[in-house]
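Each chain, letter by letter, is given below.
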Amino acid sequence: MPALEHILVVNAILFAIGAMGVLTRRNAVLILLSVELMLNAVSLNMVAFAVYGHVDFGNITGIVFAFFIIVIAAAEVALALGIVVRTFRNRATANVDEVNLLKW
Amino acid sequence: MEDGVTATQVVFWILAVVMLVSAIGVITAGNIVYAALFFIAALAGVAGIYLILTVEFIALVQLLIYGSAVVILILFALMLTRARERPQALFGRSRPLGIAAALGLMAALIGGIVATTWTTPESSSAIQPVGLQTIGDAIFTIWIVPFIIVGVLLSIALDGAIMLASPDEDDN
Amino acid sequence: MVLSEFAGVSMPDWLDAILRIIFIVALMTIMAFALIYGERKILARFQARVGPTRTGPIGTLQSIADALKLITKEDVRPITADRWAFELAPYMAFVPVFLVFVPMPFTETWFIRDLNLGLLFVFAVLGLNIVGVVMAAWGSDNKYALLGGVRAAAQAISYEIPMLLIVVAVVMVAAGRLAVDGDASAAGSINSIVGDQTTTPYILLQPLGFFIFIIGMLAELHRPPFDMPIAESEVVGGYFVEYSGMRWGLFFLAEYTALFLLVVLASSLFLGGWNWPFGADVGLGLQIVLTLVKTTVMIVLVIGSRALFPRLRIDQLMSFSWKVLLPFAIVQVIANGIILSYGGADWVVGIVSFGLLVALGGLVYYIMRRKQGEGARTVQTTPATPRVITAPEVTPVEAGGD
Amino acid sequence: MIWADHAWILPAIPAISFVVLFLFGRKLPRGGDFISVGAALAVFVLFFFVLESHLDWLGAGLGGIRNVGTDWINFDSFVVRLGFTVDSIAMVMVFVVATVALMVNIYSTNYLRHHGRPEPRYWWYFAVLSLFVAMMLTLVLADNLLLMFVAWEGVGLCSFLLIGFYYERRSAVEAAKKAFVTTRLGDVGLFIGIVLFWRATGSFQISDIIAAAEAGRVNDLPQVMGDGYLTLSTLMLFLGAAGKSAQVPFHVWLPDAMEGPTPVSALIHAATMVVAGVYLVARLLPVFEVTPGASNVVLAVGLITALLAGMMALAQNDIKRVLAYSTVSQLGFMFVALGVGAVGIAMFHLLTHAFFKACLFLGSGSVIHMTEEQDARKLGGLWWRMPVTASTFIISSIALAGIPPLSGFFSKDEIFVATLGGANTAVAILLGVAAFLSALYMARLVIITFFGPPKDIAVIRRAREADPTILIPLVFLTVLTFLIGFVAFDQVGDALGFPGGINNYVYFPEPHDFHFSDSIAAVTGTVSLLGFLTAWWFFWGRNSHRAQAVREFQPRLAAVIENKFYFDEAYQWGIDRAMLPLARIVAWFDRMIVNDTGINAPADATRYAAYWLRYHVTGRIPDYALLMVVGVALAGGLAFLLRG
């Protein structure tokens, strides 16, 4: 088994990569993908904690949470893509920086 | 197994590298479909790490839901928004800032992880695989209410997605 | 343990695994060739032809000839196609199908690995197959290919859900029965499920499940009457329209491999797999024969369906999945849950499932009757002017659509 | 059901009536006046149940004071009770309030109509009347000063609303404002007094404060000023009492308050609200008695008020204003009684005064209602046009003047007895002058209003006897005026259930027996008769040239009296020369320093900052996400650095 720190560091990098994607991309679908990367990093973290903590604490909550995260991610993707499609239909773009009505 | 590098660790690092490289591919690919394909690779890497962590269930759920359903949805969305026909810059204006911020985040996270003393089992062989039955028991006893709520949430979200994506009365 | 059982040799685990993989892949290839040959022959018989006869004795080498032709054929890639997606797609479609063979039990001990979550593994990995299809569809830069790919993806998602639910129902039954022996958690393993069917094949307990599984299987495999994604008269071959040579061959191989795979799965889940029906104990050698016999019978049925049924429309297919199969699958799961949690006997499960199957049949019959009625009325109200050129479009099927 | 344990019902009934009228009065038939009248009737009837159970306790020796109620606010160290005290003083007050309120309610149903058509805001009048009754009953029943203060302000509010009832008239608006502001001056003192007492004793309960004062604990606090603290607190309370009861120098609002409808004057500005000050001092008299000098202040203020108001009443020509100054003067009598420590006598005079003064006001209202004229100089010769009104008015005037055997005689006589018992002959003689003055101005008012030749033919033509709804309260109150004086006698008290007469009933703090002394009674009766005769000599018929001669004999003094000792002018001067310049400085400070610099400057700074900062709000989600990540990274880095 790899050490917990290693897994956590890998997850942190994955999370930061996801964040980077969210910040640098402008296409809504790509941003969604990056968000999914971040979610994956988080649930991987939870699973790692749960697995490593299982012996000492008998607690597998993290695994259940990872399960929930995956399920909710499915719902979120469905909704987000619905929004993207709708936005595209209304504004003929899927770029989030062209959707700028949220300002003064 | 006590010291040195075990086969599991080697596999882990291979998977981690694959995963991270794919993730970088997701955020740098010049083509949206490539990004989606890289995303699948990254997901496969994550699933592999789940396997290494002995939670096959989560790994398979990950593949089942992300690998097929989510990716298919994303590809659908790409096709519906005609990503290919309208080539355009995929990066926003604030790209350097975003990279810097994300790197700062990464530094903060890694610094925190490295600086923390983690309480882990003495030897890695002490880690027990978490059985499917354990997970099932947890989900259907302790977490039954969240489980039901998640189910309802999923139905509602899918209905909402259908409502969102379905054409208006006057669209045609 | 394949070889160790046959040869009495002990060997390290990894070598054992590799040998098993080689064995299965070899079996797969042979089965695929056999299937292609068999299909051509059987279809020919349905259509009052004789099929291939020239290559080899009664045309048995026809598949090998085809393979040779495909390998030697030029690998053409359209100039506008996306290179990576186009070239990787066949592998992406093919590899998952092969991976799925890992937990498939051909005999009591003859499998690559008996996974505890075998059924979940099958569906999780098989689902990846569709990614290859979509890659091919998109990468080809061809409208027909894209249409076919979208159809394939929609169809795959739609039919995976009722199938998965039915598998859940089967696992519930298996878990209930295995719990008597003390290990309900083994119900996710395909081999355990097969092992539980020594006396009672699950088709008796879950006839509705078998029906839905077969329907879903046909849809997953793009077999008639659910072959819209690859229908030549509609989308000119679908997502692999631009492929030629061995890449096309890989798609082809993947299709037939998947057919074999799902048939094995169906026979394992519902027909008792390697068991001799109703409890007779047979040796390992006979077990593989039993498996092959059962799969062959089902393959013949699947191929026959291609000759027997007309193709559905894509919207009919979707409606059928979401509005008929899915509700019935959910009802099946709930019914199983209720019966099993109150300790209902096996025959109760079987009768309830059979009742649901009858209800499903009745519903389908009712819907078809109604559609026909509507169509008939539409035809009657059509003005019988000979000059109306559009008259052929107002066929009963068209008018009764949706 | 022990009614006295449920005394909260008494204020609750008119309160409900108010809510109903306030919400639906406009839509109800007759403006919902029957609800107000019904509520007053219910209070009047229920009062006797409460009184009966109170007397039962007294007879059974269970003590005269019963506190009932619940905690209203409870912060452990700060407890306010929603509590009611049922004791003899409260019973006397409730009797006054219930009776007069009922009479005034009945009377108002006619008075607030012109030729059968209700005036505008008829429903609103009755709504506020109900609210007033509820507040007044709460005031008299409250067992703690804070609840009492709430009700105190409540009745002040009702007084304000009703004085300004005819707000189309500028004078009414001014009068309402004047009454409100003037009494507010006293109320500030009252509130300070309440807070001071709370600070010293930690309680708002009247019984606690009395007990603490008597035990000297008010002086025990190290940080307080000893006797000075107690004196200050007590005088602050008295300030409130003087403001409410229109004592000099706060008396100026009461005559102006006559701008309100006359029944309101009868109820609020004669019988009930203005005696709240007397009631407050009576309630807390033990505190005043242990406070050095406080009683003397009360005595002095009462005496000065009685004399000055009596003189002012002499020179007024408006019927209601005469009565108003008379009220002020009589309240001065009550304070004199309190000043010598005779609670029972003060309450007795309060009781008798309430009825005859209400009767006088309602009688004057009858005259005003029918003749539409309230200047006494234009009236005259009304007695044969309005016999019932005239006779009730005359009888009440005789009672006020203190001629036996009417009620005013008994109560006033007792005040003299108590004053002499307080061993201060000079005070008694000055009070005798005041009593002489009251007989004089009442006789003058009666003579020029009801007798003599008619001075205005249009007025006399309009004058007719009023409707029964006006006359019934008049007659009822006249009967009470006849009878109520006899409750001072032991035998009457025994028969009614409170042995020893009213002075014994109001035994708080210790019993005062009725010292009916023939000689003193003869003197006081003679003084009153003398007043009447003097009035006859100056004002009857053609004798009025004598009054004119007096006026011309000392024109300066006459002018001073006619101008009410220039109180209003002095106040106006003070306001113009002192208050307004000060107010201008404060206003400037408020506007420039507090408002512009303290409040607007930060707001402007924020606005200008926002004007420039808004450009970072691009509306583009990626920018927000970027800021979010930067924030998280910074927070994480900071946390990492801080933990070392």
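Residues numbered from 1 in each chain as written. Chains lettered and ligands numbered in written order. Predicted model: local features only at pLDDT ≥ 70, side-chain atom pairs only at ≥ 80, totals over all residues. Heavy atoms only, no water.

### A short note on the overall build of chain B
Looking only at helices and strands, chain B features six helices and zero strands. Moving toward the C terminus, one meets the helices and strands of chain B in the order α-α-α-α-α-α. Considering chain B as a whole, with its 172 residues, one finds that 44% of them fall into the buried category. If you take every contact in chain B between residues at least 6 apart in sequence, the share linking residues at least 24 apart comes to 61%. Taken as a whole, chain B presents about 8,700 Å² of accessible surface, with 68% of it coming from carbon and sulfur. (Helix = DSSP H or I, 4+ residues; strand = E, 2+ residues; numbered from the N terminus. Buried < 20%, exposed > 50% of the residue type's maximum accessible area, 1.4 Å probe, protein only. Contact = heavy atoms within 4.5 Å. Areas by Shrake-Rupley, 256 points an atom, 1.4 Å probe, with all protein chains shown as cover.)

### Thoughts on the interface of chain A and chain B
In this complex, chain A contributes 71 residues to the contact, which on the side of chain B involves 90 residues. Where chain A touches chain B, the interface holds seven residue pairs in polar contact (both at pLDDT 80 or more). Elements represented by at least two residues in the side of chain A that touches chain B include exactly helix H1 (4–24), helix H2 (28–57) and helix H3 (61–91) of chain A. For the side of chain A that touches chain B, the element with the most residues is H3(A), which contributes 24 residues. (Polar contact = N/O pair within 3.5 Å; in protein donor to acceptor, adjacent residues only side chain to side chain.)

### Re the packing of helix H4 (residues 122–141) of chain D against helix H5 (residues 145–163) of chain D
Each packed pair of helices is defined by two parameters, the angle between the axes and the distance between the axes. Residue and element names in this part refer to chain D. Remark: H4 packs on H5, axes separated minimally by 8 Å, with the N-to-C direction vectors making an angle of 155 degrees. Compared by their axis directions, H4 and H5 come out roughly antiparallel. Once H4 is placed against H5, the crossing between them reads as left-handed. Every residue of H5 that contacts H4 at Trp124, Tyr125, Val128, Leu129, Leu131, Phe132, Met135, Met136, Thr138 and Leu139 is listed here: Leu147, Met148, Ala151, Trp152, Gly154, Val155, Cys158, Leu161 and Leu162. Split by residue class, the contact of H4 with H5 holds 17 nonpolar, two polar and no charged. (Axes fitted to C-alpha atoms, helices over the stretch in contact; angles between N-to-C directions. Parallel < 35°, antiparallel > 145°, perpendicular 65-115°, else oblique. Left-handed = near helix turned anticlockwise from the far one by under 90°. Nonpolar A, V, L, I, M, F, W, Y, C, P; charged D, E, K, R; others polar.)

### Describing the interface of chain B and chain C
Contacts between the two partners involve 21 residues from chain B and, on the opposite side, 28 residues from chain C. Summing both partners gives a buried area of about 2,100 Å² for chain B against chain C, and 82% of it is carried by carbon and sulfur. There are zero salt bridges connecting chain B and chain C. Where chain B packs against chain C, one counts zero residue pairs in polar contact (both at pLDDT 80 or more). Mapped by element, the contributors of at least two residues to the side of chain B that touches chain C are helix H2 (32–52), helix H3 (56–80) and helix H5 (132–142) of chain B. Broken down by element, the residue count for the side of chain B that touches chain C peaks at 13 residues, all from H3(B). Here the side of chain B that touches chain C is composed, by residue class, of 15 nonpolar, four polar and two charged. (Buried area = accessible area lost by both parts, 1.4 Å probe. Salt bridge = Lys/Arg side-chain N within 4 Å of Asp/Glu carboxyl O.)

### Structural notes on a nonpolar patch on the surface
Side chains of Trp276(C), Leu286(C), Val289(C), Val293(C), Val297(C) and Leu301(C) sit close together on the surface and give an oily, nonpolar patch of about 550 Å² of accessible area. Checked against the element boundaries, Val289(C) lands in helix H12 (residues 284–308). (Patch = residues over 30% accessible without salt bridge, like charges linked within 9 Å, V, L, I, M, F, W, Y side chains within 5 Å.)

### A word on the side chain of Gln197(C)
All names here are of chain C. Within the element layout of this structure, Gln197 appears in the loop between helix H7 (190–195) and helix H8 (202–205). Owing to a relative accessible area of 2%, Gln197 belongs among the buried residues under this scheme. Side-chain polar atoms of Gln197 contact the backbone nitrogen of Tyr202, separated by 3.0 Å. For Gln197, the residues in contact, after removing those within four places along its chain, are Tyr202, Ser268, Leu269, Phe270, Leu271, Gly272 and Asn275.

### Comments concerning the packing of aromatic side chains
Tallied over the entire structure, the rule returns 53 aromatic pairs over all chains. For the pair Trp3(D) and Phe49(D), a centre-to-centre distance of 5.3 Å together with 40 degrees between the ring planes defines the contact as tilted. Note that Trp3(D) is positioned in the segment before helix H1 (9–24) and Phe49(D) in helix H2 (residues 33–59), a separation of 46 residues in sequence. Geometrically, the ring pair formed by Phe47(D) and Phe95(D) is stacked, given 5.5 Å between the ring centres and 25 degrees between the ring planes. With Phe47(D) in helix H2 and Phe95(D) in helix H3 (residues 88–111), the pair connects residues that are 48 residues apart, well separated along the chain. Each member of the pair, Phe47(D) as well as Phe95(D), carries the same accessibility label: buried. Through a chain of ring-to-ring contacts, the aromatic side chains of Phe86(C), Tyr239(C), Phe240(C), Tyr243(C), Trp248(C), Phe251(C), Phe252(C) and Tyr256(C) assemble into a single cluster. Above the face of the Trp84(C) ring, Arg83(C) is positioned so that its terminal group lies 5.5 Å from the ring centre. (Phe/Tyr/Trp six-rings, centres within 6.5 Å; stacked < 30°, edge-to-face > 60°. Lys NZ or Arg CZ within 6 Å of the ring centre and 35° of its normal.)

### Topic: the confidence of the model for chain B
Do not read the predicted coordinates in detail wherever pLDDT is low. Per-residue pLDDT for chain B averages 78, and the proportion of residues at 70 or more is 78%. Interface confidence in the predicted complex, given as ipTM, is 0.68; pTM for the same model is 0.56. (pLDDT = per-residue confidence, 0-100.)

### Considerations on the environment of Gly485(D)
Residue and element names in this part refer to chain D. Its location among the elements puts Gly485 in the loop between helix H20 (468–483) and helix H21 (490–496). As a C-alpha pair, Gly485 and Thr352 span 133 residues in sequence and 6.7 Å in three-dimensional space. Excluding its chain neighbours within four sequence positions, the residues that come into contact with Gly485 are Phe348, Ser407 and Phe410.

### Digging into unusual backbone geometry
Residues and elements named next belong to chain D. Between Val248 and the following residue, Pro249, the backbone shows a cis peptide bond with an omega angle of 10 degrees. Looking at the secondary structure, you find Pro249 in the loop between helix H8 (227–244) and helix H9 (253–256). Cis rather than trans, the peptide bond between Pro404 and Pro405 has omega equal to 5 degrees. With respect to the helices, strands and loops of the structure, Pro405 is situated in the loop between helix H16 (387–401) and helix H17 (407–421).

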